[in-house]
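# Coordinate inspection notes
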Amino acid sequence: MFVVKKKRKTYSSGFKTKVVLEVLQERETVHEIARKYELHPSQISTWKSQFVSTASSVFEKGTSKAEDDKEKDALFKKVGQLQLENDFLKKVLGK
């Protein structure tokens, strides 16, 4: 006899945000929202605490995603250039 394992459910960040925002509005209890979305109340509480603990980072100053993407693109370009130079030198010195 073998045991069938249940596949773990995964939820998108958009879904989690939607659920947490409903909890924060306090129009319904956590248990009502859990029943509505077929979740365990402790799961919603975990998502809520994660949301609240990282909410302050939204307003922090620092590098934006666009700046990070530009830096990442520049680094990939440099890596590509160095690989081409390395391949060229291998061919020239290998003769």
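For the structure itself, consult the block above.
So, here is what we can say about the structure in this document. Predicted model, so just to flag it, every value in this text is computed and none were measured.

### Thoughts on the pattern of salt bridges
By the definition in use, this model includes two salt bridges. Salt-bridge contacts for Glu28 lead to Lys36; the nearest nitrogen and oxygen are separated by 4.0 Å. When salt bridges that share partners are traced, they join Glu22, Glu28 and Lys36 into one network.

### Remarks on the packing of aromatic side chains
Summed over the entire model, instances satisfying the criterion amount to four aromatic pairs. Note on Tyr11 and Phe15: the rings are 5.2 Å apart at their centroids and 20° apart in plane angle, and the pair reads as stacked. Residue classification places Tyr11 among the partly exposed residues on the basis of a relative accessible area of 28%. Measuring from centroid to centroid gives 5.4 Å for Tyr11 and Trp47, while their planes differ by 70°, and the two rings are edge-to-face. Taken together, the positions of Tyr11 in the segment before helix H1 (13-25) and Trp47 in helix H3 (residues 41-54) put the pair 36 residues apart, joining distant regions of the chain.

Cut-offs applied
Residues numbered from 1 in each chain as written. Predicted model: local features only at pLDDT ≥ 70, side-chain atom pairs only at ≥ 80, totals over all residues. Heavy atoms only, no water. Salt bridge = Lys/Arg side-chain N within 4 Å of Asp/Glu carboxyl O. Phe/Tyr/Trp six-rings, centres within 6.5 Å; stacked < 30°, edge-to-face > 60°. Buried < 20%, exposed > 50% of the residue type's maximum accessible area, 1.4 Å probe, protein only. Helix = DSSP H or I, 4+ residues; strand = E, 2+ residues; numbered from the N terminus.

Structural measurements only, silent on function.
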